[in-house]
Amino acid sequence: MAGERTGDGPGYIPAIDGLRAIAVTSVILFHLWPWALPGGFTGVDIFFVISGFVVTGSLLGREFASFRQLAAWFYARRLMRIMPALIAMLLATLLAAQLFIPDAWLSNSLAQVARFAFFGLSNIVLATDTDSYFGPQAAYNPFTHSWSLGVEEQFYLLFPFILWWHHQLQAGAKAVRLVAILSGLSLLLCAVLALFANKFAFYLIFPRFWELGAGMLLCLTRARWQPWAAGKAWLAPLGALAIAAGFALPEGPFFPFPGALLPVAGTALVIMAILGGTAPRALGSRPMVTVGLLSYSLYLWHWPVFVLFRWTVGLHALKLQLAALAIAVTLAILSYFLVEKPLRASRRLDGWPRGRVVTAALAAVLAAALGGQLLIAAHNRITLSVTRDRFAWYAEPGRPLPLDLTGCTPINGEERLAGGKVTLWSPRCTRPGSFTLFVPADSHGLAYAPALRRLVAETGASVRLYFRPACPYLKLILSHAARPRCAGWYAAVERDIASRSRPGDVVFLPGLRVTRLANQFEKDRDLAGRHDDRVSAAALAEAQEITRRLAARGARLVLEAPKPVFPSPVFRCTDWFNRTNPACHGLTIGRETMLERRRDVMRAMSVLAAGQRSTILWDPLPIFCPGRTCEAVPGGRPLFFDGDHPSGLGNDLIYADLKRTILGVR
């Protein structure tokens, strides 16, 4: 019978489940109380070594007549082990995410990571489209943890070939050398990428293969080292010390290389101690084995629960942390007994041909992925957030124009420029006296997209909106010289404007020129410490030279004065289920407080306007804040999306004055 064990394989080892218990507990503790276990995330590295060892052991000693038989047996086993519980988690989490998580920069990778998680590819999305594993976008994505499953699933694509080669060669010496060479090359790649592209080193299979390869090598060479390991009482303590050192290693640039060497080496030593008979008996005890058996379900469910708490009521108080932990454990137990275990132990499925099991499992994955996509598409219809009213909340480029302008909807375009992009809006309807509006800015230029598109439709102007992340233009409280990585971008923008601008054109300069009070996420490191919002003499002199160059070809300049900033991300603090979140500190700010915060910036901008006859100052604060208190959501109407970006309705509010200012300066 295909897959029948005829040789010597390690079989089931209870203490390995005990080691899994340590791995999953460390990960959960890190995600819940990172101060208690700064390197708890290295539990994933322990899992990788265990996986390499156990999966290899599951095939050693089994008889297969062909590679097709081996592949069908292996993939049927792996799919039934991984996919049912994973699909259940993905669909349940997607539903909860659509209900409770608004669309925002903080959540903009959520849907894409979820889509690819069904196919074991989420790690690639995380490596290319998001910030680091320790950044805010990862911390607020309930699917971030699926990256490690992606690594394992991609490992399974290579694994059967190596094991078949080992099987055919019988002794397997060449296969062992192959795994050793691949692992060495993977470690070298990990070291290089850790220096130059750390996200790739962290998330991708090729720089992570060496960890799984270490487990494979342990299993493939077991007959050689197991007799030696017998009686070596120092193996387990030394391995435990290396694992503990990994747990004490905080997040930083030294991970995964060389930081992951500690947990990988420690896990290998503990496995050697287990098979050598010198590991502590506690590893094989019933409590440890029970947690180990639940480890996959615990890993699947703990992170989405923690993230959903973070998005809603918060995860800041001990009672909330314990509640989140209790819910995660309950869901893991239910998943294990209702989904994971029944399907793995199903006699009916066990009687099916292995190829049929693989086909059925892949069909179920495709059906589940389609269901997930339908949930994502239904976000605006099923969300419980007030942001479901996209017209009011979102300052999106595609926001509908007034009915009388729909026939003149601008023509969209885009160009790449020096690592950034230029968004183009060209008039569909010709108007007399057309001109070009240049908008070098940051996200605050993007936040005016609805107003700028409406201006194109009404006046026949053309707009060139320049944007590169983390490269604000003419911020004043921070000079261009202070951002050397943006130097090429700044120069390219000026060259582009200089080559295209003509007399009668306008350069609009919006931006965040005071320090924001709150980001979309709490504990933003950039907001820590004191900020006095002063414009240095050097920054002012630099700004005077920049405005002179921008106006050299006859274009007029419109400088935006600082708008109100608010102490909370408005979109996260307006719903009934998130108002008590620790990120929320009110949706108002005193007018006098705001005037005082921007006083030095206004003085500098007045100097710029006075020094250039072609430059004027546009102040939206009186429009956004007509009374003694500036309100982000006056009368339930959101004028701001987060702490400092105007909403869709905010664009409507300021449009008439912005249009009058731009046309007036010409």
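Quick caveat: nothing in here was measured; it's all calculated off a predicted structure. (Residues numbered from 1 in each chain as written. Predicted model: local features only at pLDDT ≥ 70, side-chain atom pairs only at ≥ 80, totals over all residues. Heavy atoms only, no water.)

Participant: A description of the overall build of the protein should follow, citing residues and the corresponding values.
Facilitator: Looking only at helices and strands, the protein features 28 helices and 9 strands. The dimensions of the protein, computed from C-alpha atoms along their principal axes, are 90 × 50 × 50 Å. When burial is assessed residue by residue, the protein has 56% of its 666 residues classed as buried. Residue pairs at least 24 apart in sequence account for 79% of intrachain contacts in the protein once pairs closer than 6 positions are excluded. (Helix = DSSP H or I, 4+ residues; strand = E, 2+ residues; numbered from the N terminus. Buried < 20%, exposed > 50% of the residue type's maximum accessible area, 1.4 Å probe, protein only. Contact = heavy atoms within 4.5 Å.)

Participant: Before we move on, can you summarise the environment of isoleucine 376 with the specific residues and values?
Facilitator: Relative to the helices and strands, isoleucine 376 is located in helix H18 (residues 354–377). Each C-alpha atom of the pair isoleucine 376 and phenylalanine 257 lies 36 Å from the other, and the pair is 119 residues apart in sequence. Not counting chain neighbours up to four residues away, the residues in contact with isoleucine 376 comprise Leu94, Gln98, Ala111 and Arg115.

Participant: An account of the side chain of threonine 144 is needed here, citing residue identities and associated values.
Facilitator: Examined against the element boundaries, threonine 144 turns out to sit in the loop between helix H6 (136–139) and helix H7 (146–169). From its side chain, threonine 144 meets the backbone oxygen of asparagine 141 in a polar contact 3.1 Å long. When residues no more than four places from it in sequence are discounted, the contact partners of threonine 144 are Leu126, Tyr133, Ala138, Tyr203 and Trp303. (Polar contact = N/O pair within 3.5 Å; in protein donor to acceptor, adjacent residues only side chain to side chain.)

Participant: Account for helix H16 (residues 318–344), with residues named and values stated.
Facilitator: Here H16 spans 37 Å end to end across 27 residues, near enough to the 39 Å set by a 1.5 Å rise per residue. For H16, every residue scored as buried is listed here: Leu320, Gln321, Ala324, Ala328, Ala332, Ser335, Tyr336 and Glu340. Elements that come into contact with the buried residues of H16 comprise helix H1 (14–32), helix H3 (67–100), helix H14 (286–293) and helix H15 (295–311). (Expected span 1.5 Å × (residues − 1).)

Participant: Which residues make up unusual backbone geometry, and what values do they have?
Facilitator: With an omega of 10 degrees, the peptide bond between phenylalanine 255 and proline 256 qualifies as cis. Relative to the assigned elements, proline 256 resides in the loop between helix H12 (235–248) and helix H13 (261–276). Phenylalanine 257 connects to proline 258 through a cis peptide bond whose omega is 0 degrees. Tracing the chain through its elements places proline 258 in the loop between H12 and H13. Phi at leucine 476 is positive, roughly 75 degrees, even though this residue is not glycine. For leucine 476, the position within the fold is in the loop between strand S4 (462–467) and helix H23 (487–500).

Participant: Give a description of the confidence of the model for the protein that names residues and reports values.
Facilitator: Averaged over the protein, the pLDDT score is 93; the fraction of residues at 70 or greater is 97%. Per-element confidence in the protein is highest for H15, whose mean pLDDT is 98, and lowest for helix H17 (residues 347–351), whose mean pLDDT is 82. (pLDDT = per-residue confidence, 0-100.)

Participant: Let's hear about the sheet that holds strand S5 (residues 506–509): which residues, and what values?
Facilitator: With respect to topology, 7 strands assemble into an open sheet ordered S1-S2-S4-S3-S5-S6-S8, the strand pairing being mixed. Since the sheet does not close on itself, it has two edges, and those belong to strand S1 (411–417) and strand S8 (615–618), each with one partner. With strand direction ignored, the average angle separating the axes of adjacent strands in the sheet is 20 degrees. The strands that H23 touches are S1, strand S2 (420–426), strand S3 (436–440), S4 and S5; relative to S4, the one it contacts most, it runs at about 165 degrees. Strands in contact with helix H26 (residues 599–611) are strand S6 (556–560) and S8; relative to S8, the strand with the most contacts, it is inclined by about 150 degrees. (Pairing = 2+ DSSP bridges. Axes fitted to C-alpha atoms, helices over the stretch in contact; angles between N-to-C directions.)

Participant: Account for the state of the cysteines, naming residues and giving values.
Facilitator: Under the definition given, this model contains 4 disulfides. Sequential numbering of the bridged cysteines in the protein gives the disulfide pattern 1-2, 3-4, 5-6, 7-8. (Disulfide = S-S within 2.5 Å.)

Participant: Can you lay out the packing of H3 against helix H4 (residues 110–117) for me, pointing to particular residues and giving the numbers?
Facilitator: For the pair H3 and H4, interaxial distance at closest approach is 11 Å and the crossing angle is 160 degrees. When the axis of H3 is compared with that of H4, the two are roughly antiparallel. Regarding H3 and H4, the two cross each other, and that crossing is left-handed. Contact residues: H3 offers Leu86, Leu90, Leu94, Ala97 and Gln98, while H4 offers Leu110, Ala114 and Ala117. When its residues are assigned to classes, the contact of H3 with H4 shows 7 nonpolar, 1 polar and no charged. (Parallel < 35°, antiparallel > 145°, perpendicular 65-115°, else oblique. Left-handed = near helix turned anticlockwise from the far one by under 90°. Nonpolar A, V, L, I, M, F, W, Y, C, P; charged D, E, K, R; others polar.)

Participant: I'd like a description of the nonpolar core, backed by residues and values.
Facilitator: In this structure, Leu86, Trp147, Ile274, Leu437 and Phe508 are the most contacted members of the largest nonpolar core, which totals 203 residues. In terms of residue count, the dominant contributor to this core is H3 (16 residues). Once you skip the residues sitting within four places of it in the chain, isoleucine 274 turns out to touch Ile13, Ala15, Ile16, Ala279 and Leu283. Counting 5 residues, the second-largest nonpolar core is a separate cluster that includes Leu401, Leu405, Cys408 and Cys429. (Core = buried A, V, L, I, M, F, W, Y, C linked by side-chain atoms within 4.5 Å.)

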